[in-house]
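A structural walkthrough
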Amino acid sequence: MASSLKALLVEDIKVDSMVLSFMLRRFHCEVTLAKNGKEAVDMFLEGNKFDIVLCDKDMPIMTGPEAVIKIRAMGATDVKIVGVSADDNAMEAFMSAGADDFVPKPMRLEVLGPMIEEVINRKNN
Amino acid sequence: MAAPMLNQPNSLLANMFAAGLLDDQFQELQMLQEGSAPDFIVKVVTLFCEDGERIIGEIAKLLDKPCVDYDKVGGFVRQLKGSSASIGALRVKNSCIQFHQCCQEKSKDGCVNSLDSVRNDFYDLCSMFKLHASAGPAGAGLPKQ
């Protein structure tokens, strides 16, 4: 599947970041990394545009749901935001913050693939 | 060129799965590695072992203090649990889940015992990975130290 999607990966755990980045690049995404919610918000404040955001929940300085609230409040309503966490309470936190979807960790290729395809189709239409 | 060891049937790897050290997430990483990135698992495992060692060291320092900051300890345990789950380090992940429970209960004894369990499981796993790496050409897929 060919894609030129711009993906923002918001993740403080280095191993998780490496694995998720690799998965995204496997689907030919251009990956930008943020180590916490604040860095993610700053990316948007600086005018960067993304097609998809994969966001962990618990991070230093600013959590994933907090970042999602701020990103949506900036008017970034088109970007697909996916919460990714092993926390049992994460889904509710992300969805009420304005995320589009939630995937429990660890992420699998068979889950990520259809999400990427959906974003590509939406972008092309 | 020989295929990376981790893509070939390997009795040591099979034993690691059978012993509950690894779960199917590791197989997911093996699938990711296929084709374009023969050194992907080497890099991830190396990072896991190095970062895990750092995290365990930080937890030990925190538990050594007379007044333990259980939130900080819990934060580090969360990191190790997360990275364990990402590479399929099943036993380490499960030890971290138990450890997290002790942090929430603010149990010093529980945390100290849990740290021992996590440390043992972590070093068992990393030792097995290093054993792979030292197994000549067949072990070329993993970090050597």
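About the criteria used
- Residues numbered from 1 in each chain as written.
- Chains lettered and ligands numbered in written order.
- Predicted model: local features only at pLDDT ≥ 70, side-chain atom pairs only at ≥ 80, totals over all residues.
- Heavy atoms only, no water.
- Helix = DSSP H or I, 4+ residues; strand = E, 2+ residues; numbered from the N terminus.
- Contact = heavy atoms within 4.5 Å.
- Polar contact = N/O pair within 3.5 Å; in protein donor to acceptor, adjacent residues only side chain to side chain.
- UniProt positions renumbered as here; feature names shortened; annotations may be inferred.
- Pairing = 2+ DSSP bridges.
- Axes fitted to C-alpha atoms, helices over the stretch in contact; angles between N-to-C directions.

In the annotation of an unreviewed UniProt entry, the entry for chain B reads Histidine-containing phosphotransfer protein, and the organism field reads Aegilops tauschii subsp. strangulata.

The name given to chain A in an unreviewed UniProt entry is Response regulatory domain-containing protein, with Aegilops tauschii subsp. strangulata as the source organism.

What follows deals with the environment of Arg108(A). Topologically, Arg108(A) is positioned in the loop between strand E5 (101–104) and helix H5 (109–124). A sequence separation of 88 residues divides Arg108(A) from Leu20(A), and the C-alpha atoms of the two residues are 9.2 Å apart. Not counting residues within four places of it along the chain, the set of residues in contact with Arg108(A) comprises Met23(A), Asp24(B), Gln25(B) and Glu28(B). Here Gln25(B) takes part through its side chain, which lies 2.9 Å from a polar atom of the side chain of Arg108(A).

Below, the discussion takes up the UniProt feature "domain: Response regulatory" (unreviewed entry) in chain A. As annotated by UniProt and renumbered to match this structure, "domain: Response regulatory" (unreviewed entry) occupies residues 6–120 of chain A. Helix and strand shares over residues 6–120 of chain A are 45% and 21% respectively, and the end C-alpha atoms of the span are 10 Å apart.

All names here are of chain A. The 5 strands are arranged E2-E1-E3-E4-E5 in an open sheet whose pairing can be described as parallel. The open sheet terminates on both sides in strands that have one partner only, identified here as strand E2 (30–34) and E5. Taken pair by pair, the neighbouring strands of this sheet meet at an average axis angle of 20 degrees, ignoring direction. As defined by bridge partners, strand E1 (residues 6–10) adjoins E2 across 5 bridges and the pair is classed as parallel. Within the sheet, the bridge partner assigned to Leu 8 lies in E2 and is Thr 32. In this fold helix H4 (residues 90–97) packs onto strand E3 (52–55), strand E4 (80–85) and E5, with an angle of close to 160 degrees to the strand it touches most, E5. Strand contacts of H5: E3, E4 and E5, with the helix running at about 170 degrees to E4, the strand carrying the most contacts.

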